[in-house]
2 protein chains.
Amino acid sequence: MPKVLVAGADGPLIGEQLRRCNLPELELQVGLAGAGAPFSGDVILGDPASVSALLDQCQSIRWVQSTWAGVTPLVQHSRRNYVLTGVKGIFGQAMAEFVLGWLLALERRIPDRAQGQRWDQRADGTLLGKTIGLMGTGSIGSHVARVCKGFGLSVRGLNSSGTAAEGVDHCYSAAQRLEFAQGLDYLVGLLPATPATDNLVDGALLERLNSGAIYINAGRANCTVDADLFRALQTGSLRAAVLDVTTQEPLPAGHPMWQLENLYLSSHTAAPTGIEAVVDVFCDNYRRYTRDEPLRHIIDFDRGY
Amino acid sequence: MPKVLVAGADGPLIGEQLRRCNLPELELQVGLAGAGAPFSGDVILGDPASVSALLDQCQSIRWVQSTWAGVTPLVQHSRRNYVLTGVKGIFGQAMAEFVLGWLLALERRIPDRAQGQRWDQRADGTLLGKTIGLMGTGSIGSHVARVCKGFGLSVRGLNSSGTAAEGVDHCYSAAQRLEFAQGLDYLVGLLPATPATDNLVDGALLERLNSGAIYINAGRANCTVDADLFRALQTGSLRAAVLDVTTQEPLPAGHPMWQLENLYLSSHTAAPTGIEAVVDVFCDNYRRYTRDEPLRHIIDFDRGY
């Protein structure tokens, strides 16, 4: 009978949902009994930071199911003799709402109008006829791309090899990043944190965007060169930026990033992992595990996603 | 050779675009020569209020192309011995941007986050799994419906007869308006001003919505009973309302509507008629007119749309 440890702050909530799922032959343990207590089972379900801190006390594990999309603490850990699975495929909707919500809000000046107390018929902007570039064209990028097409946007994609992706008009490889950026009205980051995605958005790339472009980063902070972004926002060559992710999280009150008028911060809330969605992914993989079938959403430790 | 009068404040801009279109055999006049000067031509292109004021000086007209979707000043005028055409089919994109922009902004708390200066990881809402009801299922409603489906919304429609409409899951007739409203999370007005649409959104209908629902009116103000809407907003049974249209326009500064915290006003900007789009509609109809072919987007004076 597989023994499953549910780790992390959401453990009690996740455990409660799991007990309702009637999984066959499951021995569930929520959290470790005490500091330093070892876990002798073979499966852990939890957030990457919590699981990473436990790896040394869990010598017998064979499979870790992450409850987060970003798994950096686990791929950076030296231990790799287990199967790590992620939660791909459940963030597309939330990311599409986040990206389109901010683009529409900025074009239609919704934050201003929400505050306004006077009749204001100044013309607003539109998405129609604009070009958006999505950095990252996996399941999230494809979902966002499809919703963008519904608003009449042209959609470019950037990925490591330039492979075509569903919903995207044309994909560029990482080596073609400046061509990708040339003439974009909107630039969107949906990338995992890996050495290959470090500093993709630098001054050279930002210069290629159309004047008045908007940058939204809902992936990880490592892809942005903050100093270059600040300069583009301060000169106004970039109209606005929306950062869901920052190098330092939580970003302390009083940090200069909070002060810049055309920089919006959303406190890493773009795509919260719904506990129900995570439990669905785990249950599907658990049934596969008990039947010795291949698990879904396996992470490649070398690629990091 | 048809003589065309371009009337209204946008006349010079529209005239300039029209001259670039190389329409065959067109004699163009922008505005009347002087107050009370008659116009002896057969075609007027202009906004309904301006054209309505000129009708008595334009005895020979055979066709009026409105530059606005709402044509109330013309259908209320006693003169009806000409063909009136509207500008249907060009507002869908703008309306979809307006409706989805506000829904996403309110669910994701974008106005708050745009102002915020502190890390705030409180969970936001989502459109996923919600039900939206569109009052009005013509070309605008169908366009909005398609975009809503891309965000995973269930879509109901309301029209006079309950006729099925593209993109809408189920349509209700005006007589079934309370069934239509039962359990909606979002209610959206996209209706023209006609006697049949007066006061559709009253207390009885608002009571049927889900607790915490959002109401967006981007049609005409006549469909809302303002006192009932105020009550629902003040008790909080309605989470928020976004009114693009108000009984009095422009709404004066200091009007109580500006004060209500969960009522947002957008100053009749939801779907501005792009001049280029209007010119396209006019050129298409003008070619038809010179060839004695049926015009497109003809308004029925009795129905009012």
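Look a little higher up for the structure.
Residues numbered from 1 in each chain as written. Chains lettered and ligands numbered in written order. Predicted model: local features only at pLDDT ≥ 70, side-chain atom pairs only at ≥ 80, totals over all residues. Heavy atoms only, no water.

Chemist: Quick rundown of the relation of the copies chain B and chain A? Include the residues and the values.
Modeler: Note on the copies: chain B fits chain A at an RMSD of 0.1 Å, the axial shift is 0.0 Å, and the rotation between them is 180 degrees. Here the two chains are linked by the operation of a two-fold rotation axis. Across chain B, the rotation axis passes nearest the C-alpha of Pro111(B), at a separation of 2.2 Å. (Least-squares fit on C-alpha atoms with pLDDT ≥ 70 in both.)

Chemist: Please provide a residue-by-residue account of the interface of chain B and chain A, values included.
Modeler: In this assembly, 48 residues from chain B lie in contact with 48 residues from chain A. The largest per-residue losses of area from chain B upon contact with chain A belong to Glu97(B), Arg108(B) and Trp119(B), which jointly make up 20% of the total buried on that side. The interface formed by chain B and chain A holds two salt bridges in total. With a shortest N-O distance of 3.9 Å, Arg108(B) and Glu97(A) are connected by a salt bridge. (Contact = heavy atoms within 4.5 Å. Buried area = accessible area lost by both parts, 1.4 Å probe. Salt bridge = Lys/Arg side-chain N within 4 Å of Asp/Glu carboxyl O.)

Chemist: Hey, could you go over the environment of Arg291(A) for me, with residue numbers and the actual values?
Modeler: Position of Arg291(A) relative to the elements: it lies in the segment after helix H11 (275-290). Residues Arg291(A) and Arg122(A), spaced 169 residues apart in sequence, show a C-alpha to C-alpha distance of 62 Å. (Helix = DSSP H or I, 4+ residues; strand = E, 2+ residues; numbered from the N terminus.)

Chemist: Could you give an account of the side chain of Gln93(B), with specific residues and numbers?
Modeler: Position of Gln93(B) among the secondary structure elements: in helix H4 (residues 92-107). Polar contacts involving the side chain of Gln93(B) include one to the main-chain carbonyl oxygen of Phe151(A), which spans 2.9 Å. Setting aside residues up to four positions removed in sequence, Gln93(B) forms contacts with Thr126(A), Leu127(A), Leu128(A), Phe151(A), Gly152(A) and His143(B). (Polar contact = N/O pair within 3.5 Å; in protein donor to acceptor, adjacent residues only side chain to side chain.)

Chemist: Any details on the environment of Ser78(B)? Residues and values, ideally.
Modeler: One can find Ser78(B) in the loop between helix H3 (72-75) and strand S5 (83-85). As a C-alpha pair, Ser78(B) and Thr126(B) span 48 residues in sequence and 49 Å in three-dimensional space.

Chemist: Kindly report on the pattern of salt bridges, identifying the contributing residues and their values.
Modeler: The final tally for this structure, using the stated rule, is 35 salt bridges over all chains. Here Arg20(A) and Glu16(A) are joined by a salt bridge, their closest N and O atoms 3.4 Å apart. Residue classification places Arg20(A) among the exposed positions, given a relative accessible area of 59%. Residues participating in the shared-partner salt-bridge network are Glu97(A), Arg108(B), Arg109(B), Asp112(B), Arg113(B), Asp120(B), Arg122(B) and Asp124(B). (Buried < 20%, exposed > 50% of the residue type's maximum accessible area, 1.4 Å probe, protein only.)

Chemist: Account for the sheet that holds strand S8 (residues 170-173) of chain B, naming residues and giving values.
Modeler: Hydrogen bonds along the backbone pair up the strands of a sheet, which may run parallel or antiparallel. All names here are of chain B. One open sheet holds the seven strands; their spatial order is S8-S7-S6-S9-S10-S11-S12, and the pairing between them is parallel. Each edge of the sheet is formed by a strand with only one pairing partner; in this case those strands are S8 and strand S12 (263-265). Sheet twist, expressed as the average angle between the axes of neighbouring strands with direction ignored, equals 15 degrees. Pairing between strand S7 (residues 154-159) and S8: four bridges, direction parallel. Residue pairing in the sheet places leucine 158 in a bridge with tyrosine 172 of S8. Packing of helix H9 (residues 226-235) onto the sheet brings it into contact with strand S10 (213-217), strand S11 (238-243) and S12, and relative to S11 it is tilted by some 135 degrees. (Pairing = 2+ DSSP bridges. Axes fitted to C-alpha atoms, helices over the stretch in contact; angles between N-to-C directions.)

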